[in-house]
Amino acid sequence: MVVPAYRPDPERLVPYVRALVEALDPDAVRVELDAPRSETLDALDDLPAVADVNAVDARRGKGAAITAGFESLGTDVLAFADADGSTPAASMADVVAAVRDGADLAVGSRRHPNATVASHQTVARRYLGDGFAWLARHLTEVPLYDYQCGAKAVTAAAWNDVRTHLYESGFAWDIELIAVSGAFGHRVAEVPVVWEDQPNSTVSPVDTTLKMARGLLRSRHRARTIREDRLHELLDARSDERSLVERFSAEVTDD
């Protein structure tokens with residue numbers, strides 16, 4: 001279990017990790033902590049014994065943090081949950097159960113008709129999110145209601161397929177993971193969750209949505225490349241960009 005966090009509220013994060021441990025009984029929990037304050041690190045001493053904290057001085061981005069966490073674990077199922085606790089531990093357990101039941105990738109969904117939204121986003125965030133989901137359904141080969149809910153799980157085998165094809169270091173990582181998994185023909189299950197918006201989120205609605213839109217187009221390109229679309233293969237051949245795994249491996253070697 002990986003929990004990516006950027007300057008989280010320890011009073012929310014610590015109880016949430018405890019709830020995840022109780023609900024899922026994971027072999028390991030890895031809190032990937034970006035740019036922490038000293039008082040945050042002190043407060044995280046109260047985390048359960050199964051939880052480790054990997055603190056990095058810089059802000060890597062959500063996608064880079066999850067990738068680093070997944071690469072550090074050797075479990076048969078890999079999962080992540082956003083640190084704000086918007087997805088309760090019981091719903092996170094449902095997401096993991098979908099992988100146990102045969103899915104290669106399970107995607108938590110707050111927009112699924114059977115989802116329960118306990119607290120809604122602002123009108124602006126809701127409309128931007130709905131627009132992004134509509135666009136993603138038309139540009140990827142994985143039709144879902146929701147692509148960005150911070151609750152997903154993947155088998156180790158499926159992760160091994162996709163890991164070197166992921167480049168998005170920020171919030172667009174979610175859509176890239178889904179698009180690339182779809183290109184590999186993985187079985188993707190959408191799992192309705194209970195969800196509660198956290199008003200103190202560090203996400204900027206407009207700026208993040210624009211970045212995700214660009215990330216969506218790049219993710220579509222990478223999925224098409226995997227499916228051997230000639231145009232996209234040509235464009236990819238001209239790029240010297242390194243995947244997150246390559247960047248992560250280089251950083252570990254330098255250390």
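Heads up: the structure comes first, above all this text.
Notes on the structure follow. Just so you know, these numbers come straight off a predicted model, no measurement behind them.

The rules behind these values
Residues numbered from 1 in each chain as written. Predicted model: local features only at pLDDT ≥ 70, side-chain atom pairs only at ≥ 80, totals over all residues. Heavy atoms only, no water. Buried < 20%, exposed > 50% of the residue type's maximum accessible area, 1.4 Å probe, protein only. Helix = DSSP H or I, 4+ residues; strand = E, 2+ residues; numbered from the N terminus. Pairing = 2+ DSSP bridges. Patch = residues over 30% accessible without salt bridge, like charges linked within 9 Å, V, L, I, M, F, W, Y side chains within 5 Å. Areas by Shrake-Rupley, 256 points an atom, 1.4 Å probe, with all protein chains shown as cover. Salt bridge = Lys/Arg side-chain N within 4 Å of Asp/Glu carboxyl O. Lys, Arg positive; Asp, Glu negative; His and termini not counted. Charge placed at Lys NZ, Arg CZ, Asp CG, Glu CD. 1 Å grid on protein atoms, 1.4 Å probe; cavity = no way out; pocket = protein on both sides within 12 Å on 5 of 7 lines; lining within 4 Å. Points joined across faces, edges and corners; volume = space filled by probe spheres on them. Core = buried A, V, L, I, M, F, W, Y, C linked by side-chain atoms within 4.5 Å.

Some points on the pairing of strand 7 (residues 151–155)
Of all the 5 residues making up strand 7, 5 are buried; the element is thus mostly covered by neighbouring parts of the structure. With burial as the criterion, each face of strand 7 is covered, one bearing Ala151, Ala153 and Thr155 and the other bearing Lys152 and Val154. With 5 bridges connecting them, strand 4 (residues 77–81) and strand 7 associate as antiparallel partners. Along strand 7, the bridge assignment pairs Phe80 with Lys152.

Quick notes on a negative patch on the surface
Together, Glu39, Asp42, Asp45 and Asp46 make up a negatively charged patch on the protein surface. Residue position: Glu39 is located in helix 2 (residues 38–43). Overall, Glu39 belongs to the partly exposed group, its relative accessible area being 48%.

What to know about empty space enclosed by the protein
Inspection of the entire model under this criterion finds 1 cavity of 30 Å³ or more. For the largest cavity, the calculated volume is near 80 Å³. In this structure, the largest cavity is lined by Leu139, Thr140, Glu141, Ala179, Gly182, Ala183, Ser219, Arg220, Ala223, Arg224 and Arg227. Counting residues per element, the ones that place at least two in the lining of the largest cavity are helix 7 (173–183) and helix 8 (205–226).

Notes on the nonpolar core
If you look at the biggest cluster of nonpolar residues, it comprises 35 residues, and the most contacted ones within it are Met1, Val17, Leu20, Met92 and Val95. For this core, the secondary structure elements donating two or more residues are strand 1 (2–6), helix 1 (10–24), strand 2 (29–34), strand 4, helix 4 (89–100), strand 7 and strand 8 (188–192).

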